[in-house]
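As a plain string of letters, each chain reads:
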Amino acid sequence: AAGVIQSPRHLIKEKRETATLKCYPIPRHDTVYWYQQGPGQDPQFLISFYEKMQSDKGSIPDRFSAQQFSDYHSELNMSSLELGDSALYFCASSVGEGTQYFGPGTRLTVL
Amino acid sequence: EDQVTQSPEALRLQEGESSSLNCSYTVSGLRGLFWYRQDPGKGPEFLFTLYSAGEEKEKERLKATLTKKESFLHITAPKPEDSATYLCAVQGLIQGAQKLVFGQGTRLTINP
């Protein structure tokens with residue numbers, strides 16, 4: 001069965017640079033979520049989109065923005081990167097408010 | 001604010017030794033309680049969704065149960081391949097609030 005696709009899988013950036021993470025949901029899923037997981041931590045919710053509109057917002061820094069496009073894929077844009085942004089970033093998708101299925105993640109390292 | 005607490009933080013078992021993982025939660029109306037398995041460096045893999053107290057679900061060696069305050073993940077006769085971190089998460093009923101609130105997870109190690 002098709003799963004959530006995330007790209008890139010690994011990303012290395014310098015401080016103050018920008019990064020763009022991409023997420024392609026499971027076909028026919030209309031809702032996308034972004035989570036951040038630091039080392040040894042549980043996933044923390046950042047933001048979600050339903051039918052291309054922002055539906056919920058968590059502890060997402062103002063330096064980060066995201067959107068969902070007409071084909072339902074989503075992008076997380078991160079600017080002025082800080083060392084503390086190094087983490088695994090997961091995208092999940094669902095049908096409405098149903099079960100969330102997670103992608104393999106993007107490992108972001110900020111040097 | 002929704003909260004999830006999992007115990008124990010880590011658990012080591014011998015192959016075949018059954019046990020249970022605990023997930024205690026507080027939520028302002030429960031839409032669903034979810035169990036995920038996560039291997040190191042990988043995304044959480046969906047296991048179960050429970051919606052109401054008294055509900056039980058099974059999959060191979062795993063069985064999840066739900067009460068009004070907690071959920072248990074019972075593992076029967078585990079094998080080394082069951083070693084992983086098991087995450088519990090809740091989703092509240094507040095309209096428009098779709099986020100999952102996770103516990104810190106239980107790191108399970110099954111020794112052969």
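Above this note sits the structure.
Residues numbered from 1 in each chain as written. Chains lettered and ligands numbered in written order. Predicted model: local features only at pLDDT ≥ 70, side-chain atom pairs only at ≥ 80, totals over all residues. Heavy atoms only, no water.

### Focus on the overall build of chain A
For step 1, the next point in the chain: Helix and strand counts for chain A come out as zero helices and eleven strands.
For step 2, the next point in the chain: Reading the secondary structure of chain A in the N-to-C direction produces β-β-β-β-β-β-β-β-β-β-β.
For step 3, the next point in the chain: Its C-alpha atoms give chain A a radius of gyration of 13 Å, within 12% of the compact-globule value 13 Å for 111 residues.
For step 4, the next point in the chain: Pairs at least 24 apart in sequence give 53% of the contacts found in chain A among residues at least 6 apart.
For step 5, the next point in the chain: Carbon and sulfur atoms make up 50% of the accessible area of chain A, which totals about 5,300 Å².
For step 6, the next point in the chain: Taking the 10 positively charged and 12 negatively charged side chains of chain A as two groups, their mean positions are separated by 6 Å. (Helix = DSSP H or I, 4+ residues; strand = E, 2+ residues; numbered from the N terminus. Rg over C-alpha atoms; globule rule 2.2 N^0.38 Å. Contact = heavy atoms within 4.5 Å. Areas by Shrake-Rupley, 256 points an atom, 1.4 Å probe, with all protein chains shown as cover. Lys, Arg positive; Asp, Glu negative; His and termini not counted. Charge placed at Lys NZ, Arg CZ, Asp CG, Glu CD.)

### Some thoughts on the packing of aromatic side chains
For step 1, the next point in the chain: Enumeration over the complete set of coordinates arrives at nine aromatic pairs over all chains.
For step 2, the next point in the chain: When the centroid spacing of 5.6 Å and the interplanar angle of 65 degrees are considered together, the rings of A:Tyr35 and A:Phe45 count as edge-to-face. One end of the pair, A:Tyr35, is in strand β4 (residues 31-37); the other, A:Phe45, is in strand β5 (residues 44-50), and ten residues separate them in sequence.
For step 3, the next point in the chain: Ring centres 5.3 Å apart and planes at 85 degrees place the aromatic pair A:Phe102 and B:Tyr36 in the edge-to-face group. Of this pair, A:Phe102 sits in strand β10 (residues 101-102) while B:Tyr36 sits in strand β4 (residues 30-38), on two different chains.
For step 4, the next point in the chain: Exposure remark for A:Phe102: the relative accessible area of 11% places this residue in the buried category.
For step 5, the next point in the chain: Linked through ring pairs, A:Tyr35, A:Phe45, A:Phe90, A:Tyr101, A:Phe102, B:Tyr36, B:Phe46 and B:Phe102 together constitute an aromatic cluster. (Phe/Tyr/Trp six-rings, centres within 6.5 Å; stacked < 30°, edge-to-face > 60°. Buried < 20%, exposed > 50% of the residue type's maximum accessible area, 1.4 Å probe, protein only.)

### A word on the state of the cysteines
For step 1, the next point in the chain: Overall, the coordinates contain two disulfides over all chains when judged by the stated rule.
For step 2, the next point in the chain: The side chain of A:Cys23 participates in a disulfide bridge whose partner is A:Cys91; the two sulfur atoms lie 1.7 Å from each other. For the disulfide bridge between A:Cys23 and A:Cys91, the dihedral angle about the S-S bond is near -50 degrees, and by the sign convention the bridge is left-handed. Here A:Cys91 lies in strand β9 (residues 87-94) and A:Cys23 lies in strand β3 (residues 19-24), a separation of 68 residues in the sequence. We note that A:Cys23, like A:Cys91, is buried.
For step 3, the next point in the chain: A sulfur-sulfur separation of 1.9 Å characterises the disulfide bridge that pairs B:Cys23 with B:Cys88. Of note, the bridge from B:Cys23 to B:Cys88 carries an S-S torsion of about -60 degrees and is left-handed in sense. (Disulfide = S-S within 2.5 Å.)

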